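Residues per chain are reported as follows:
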Amino acid sequence: MKILTTVRRVPDLDARFSLNGDKTEIDTEALDHKVNYFDEVAVEEAIRLKEKGVADEIVSVCIGSGNATKELRTALAMGADRAILVEADEKTLDPYLVAAILAKLVEKEQPDLIIMGKLGVDFENTQVPQLLAGMLGWPQATFAYSTEICDSKVTVGREVDGGTSTFRLPLPAIVTADLRLNEPRFPSLPGIMKAKRKPLDTMTIEDLGVALEPRVKTVRFEMPPEREAGVIVADVAELIQKLRDEVKAI
Amino acid sequence: MSGQVSIDELIGWDSLLTDDEKEVRRSVRRFVDSQCMPRITDAFEAGRFPEEVVAGIADLGLLGANLHGYGCAGVSSVAYGLACHELEACDSGLRSFVSVQTSLAMYAILTFGSEAQKQRWLPQMAAGKVIGCFGLTEPDHGSDPGSMATYCVKDGDHWLLNGSKMWITNAQSADISVVWARERGGAGRILGFLVEKGTEGFEAVGIPHKLSMKASFTGGLFLNDVRLPESSRMPEGVGLKAPLMCLNNARFGVAFGVVGAARDCLERAVAYSLERKQFGVPLASKQLIQAQLAEMLSDIAKASVLSVHYGRLKDQGKLKPHHVSLLKRNNCKIALDAARTARSILGANGITTDHHVIRHAVNLESTYTYEGTNEIHSLVLGEFLTGIKAY
Ligand SMILES: Cc1cc2nc3c(=O)[nH]c(=O)nc-3n(C[C@H](O)[C@H](O)[C@H](O)COP(=O)(O)OP(=O)(O)OC[C@H]3O[C@@H](n4cnc5c(N)ncnc54)[C@H](O)[C@@H]3O)c2cc1C
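The rules behind each value
- Residues numbered from 1 in each chain as written.
- Chains lettered and ligands numbered in written order.
- Predicted model: local features only at pLDDT ≥ 70, side-chain atom pairs only at ≥ 80, totals over all residues.
- Heavy atoms only, no water.
- Helix = DSSP H or I, 4+ residues; strand = E, 2+ residues; numbered from the N terminus.
- Contact = heavy atoms within 4.5 Å.
- Buried area = accessible area lost by both parts, 1.4 Å probe.
- Salt bridge = Lys/Arg side-chain N within 4 Å of Asp/Glu carboxyl O.
- Near = heavy atom within 4 Å.
- Polar contact = N/O pair within 3.5 Å; in protein donor to acceptor, adjacent residues only side chain to side chain.
- Areas by Shrake-Rupley, 256 points an atom, 1.4 Å probe, with all protein chains shown as cover.
- Domains from an automatic or database assignment.
- Buried < 20%, exposed > 50% of the residue type's maximum accessible area, 1.4 Å probe, protein only.

S.K.: Is there a simple way to think about the environment of Phe112(B) in this case?
M.R.: Position of Phe112(B) among the secondary structure elements: in helix α5 (residues 92–112). Here Phe112(B) is in contact with Trp180(B), Met234(B), Pro235(B), Glu236(B), Gly237(B), Ala242(B), Met245(B) and Cys246(B), once residues within four sequence places are set aside.

Right, dumping it as structure tokens:
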């Protein structure tokens, strides 16, 4: 069985963000990047399925700039067998386009199972897996906390509001990883050394025959307003006066 | 950290590192934060090495990481150094454990051992299943190991060992001890032996009452008519040169590592000085405090960049003993100074283990002394500069 996992490169959320001059882009140049955490969980799940003897090949794919080979090497160091980088300027992509690119890649690779992070921690769109399932006409189980493969079916425990639900899907299928699915391993030093020799192919969007026509246009970013320091009031009267006259809450 | 940019960025050393070296650093940092930091204070206070992290350290491939073959990862010296740096940002005891296993015990077996010894011990040691220690120092012979009193005599096709070793890291937990002894009779050569735990006449005893390196095992080895077959002797380890080669190798990891402790102290001092208000303003807004932080940072930056440079020389086979002395002496000194400064900036809070800097400070007292004291390395450099031996 072949598993495809997606690996997205996201900025370190602890970093200090800034915007470009006309506020149409987040300045990501100076930021430290890493693998989207949910994608690490997805890769880990694929590796565990391989370790159980269920899967025999894990292919990790990233759509992004050449810098993203670093994140793909992380997946290889964890235990993926090979990696594909689809080169693209991330700023020109939207969820629909990413799903369309992945759909073409799935045609080429013919995986039996796709495991993806449930969302990207930067924009939290939560759209690509669902769009991809729609385009491929494959069944999907999102927000997985457990997976089990038996008789060409995947059984997925899902976290839903107020409880859990269990889906059994025929393969091929798409599963998205939630936080509690597993705890991803840290790439070991021998793993990091081995990753350097694993195949990492690069292709372009044109190679896959996808037209670069994003449907979402970013108009503007706005930084959250700076939090102002609180004030200490002397008594209830002053509090009420401030709530009424300054904050206009009452 | 709560300042403007990370210390790594202020040092600006990332451009000197390869992607996989950065990956090693990230992986070890995450391991340390999630597995070691939550345990270290309790282990330190209890005076025990946190043995429960050994499996994780081995799974990461940190044991014997920069050695090649026999189940070792074979990473660059810089990658290994960065791993030491991250471990020591948690505690010098953790890094000492890895240093002794990797650069003293495993390195000795790899460099001086027979093929049978390498195959028997190294894969197990890389997997953390066999723990090693390295016995050179004695109760009466520290800086001058050449005058060691532990001796070995040939007894048929066996050897008889007598004497004692002191201040030995991992002594109590070691399954295999590398022991250096002087040959009685003949040429009086220094020879290296592998002594297994449980060998008759051999005993390892912990040293109590330590106030430094409390999260590391330190003990004494006692050899009383220990009878070993010739196959327990490392055939290529002959002369004082052999243990000194091991030490030189280990000093590199020590020097790279201690800067990690210094970095942790700086990060904690910055964070604390921003939070702590005196005279109505954060301590960080005082010029005297900023000057102290700047001093720590510039010491750390210089030590970090020099460590990487010497790591590259090491991999090119161009690192000379005087480079190692310079690096060990410099880095242990600036790390200890940084820890003391951080302790001062944290005021009374700085003396509690809750705030970690005092733990670093007392640990770094040991690093100042072991692997060649600060003074001995000064004398090495002095000899190189003047041609005059002043030991
Ligand atoms: C926590 C810890 C772990 C250790 N682990 C190990 C280990 O795993 N294996 C091992 O073999 N050893 C180990 N050691 C021992 C360590 O290497 C020695 O402590 C060190 O070599 C110094 O020896 P000493 O303590 O006997 O000090 P001494 O040699 O007695 O030195 C005392 C002081 O005199 C100074 N001095 C000595 N000679 C001169 C001179 N000629 N000129 C000027 N000043 C001089 C020294 O610099 C020092 O300040 C460890 C020590 C510690 C503290």
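Having seen the model, we can carry on.
S.K.: Just to check I follow, could you spell out the interface of chain A and chain B for this structure?
M.R.: Accessible area lost on assembly of the parts is the figure often given for the size of an interface. Taken together, the contact between chain A and chain B spans 14 residues of the former and 21 residues of the latter. Carbon and sulfur atoms supply 58% of the area buried between chain A and chain B, which totals about 1600 Å² over both sides. Three residues stand out in chain A for area buried against chain B, namely Lys70(A), Phe186(A) and Leu189(A), and they jointly supply 41% of the buried area on that side. At the boundary of chain A and chain B, one finds two salt bridges. Residue Glu40(A) pairs with Arg30(B) through a salt bridge whose shortest N-O separation is 2.8 Å.

S.K.: What is the right way to read the site of the ligand from this model?
M.R.: Residue and element names in this part refer to chain B. Taken together, 18 residues lie around the ligand, and Thr137, Ser143, Trp167, Thr373 and Glu375 are the ones closest in. Here serine 143 contributes a side-chain N or O atom positioned 2.6 Å from an oxygen atom of the ligand. A distance of 2.7 Å separates a nitrogen atom of the ligand from a polar atom in the backbone of tryptophan 167. In isolation the ligand exposes 970 Å². Once the protein is present, 67% of that is buried. For the shell around the ligand, the secondary structure elements donating two or more residues are β3 (158–169), α10 (357–369) and α11 (374–386). Residue-level mapping places the shell around the ligand at the junction of two domains, with at least three residues from each of domain 2 (132–239) and domain 3 (242–386).

S.K.: Help me out: how do you make sense of the pattern of salt bridges in this one?
M.R.: Close approach of charged atoms allows side chains with opposite charge to pair. Inspection of the entire model under this criterion finds 44 salt bridges over all chains. Between Asp20(B) and Lys196(A) there is a salt bridge, with the nearest N and O atoms lying 3.2 Å from each other. Separated into two different chains, Asp20(B) in helix α2 (residues 19–46) and Lys196(A) in the loop between α5 (189–195) and β11 (200–204) make up a pair that spans both. Its relative accessible area of 42% is what places Lys196(A) among the partly exposed residues. A salt bridge links Arg312(B) to Glu21(B); the nearest nitrogen and oxygen atoms lie 2.8 Å apart. With Arg312(B) in helix α8 (residues 287–315) and Glu21(B) in helix α2, this residue pair connects regions lying 291 residues apart in the sequence. Beyond isolated ion pairs, a larger network of salt bridges with shared partners links Asp8(B), Asp14(B), Arg25(B), Arg29(B), Glu86(B), Arg263(B) and Glu267(B).

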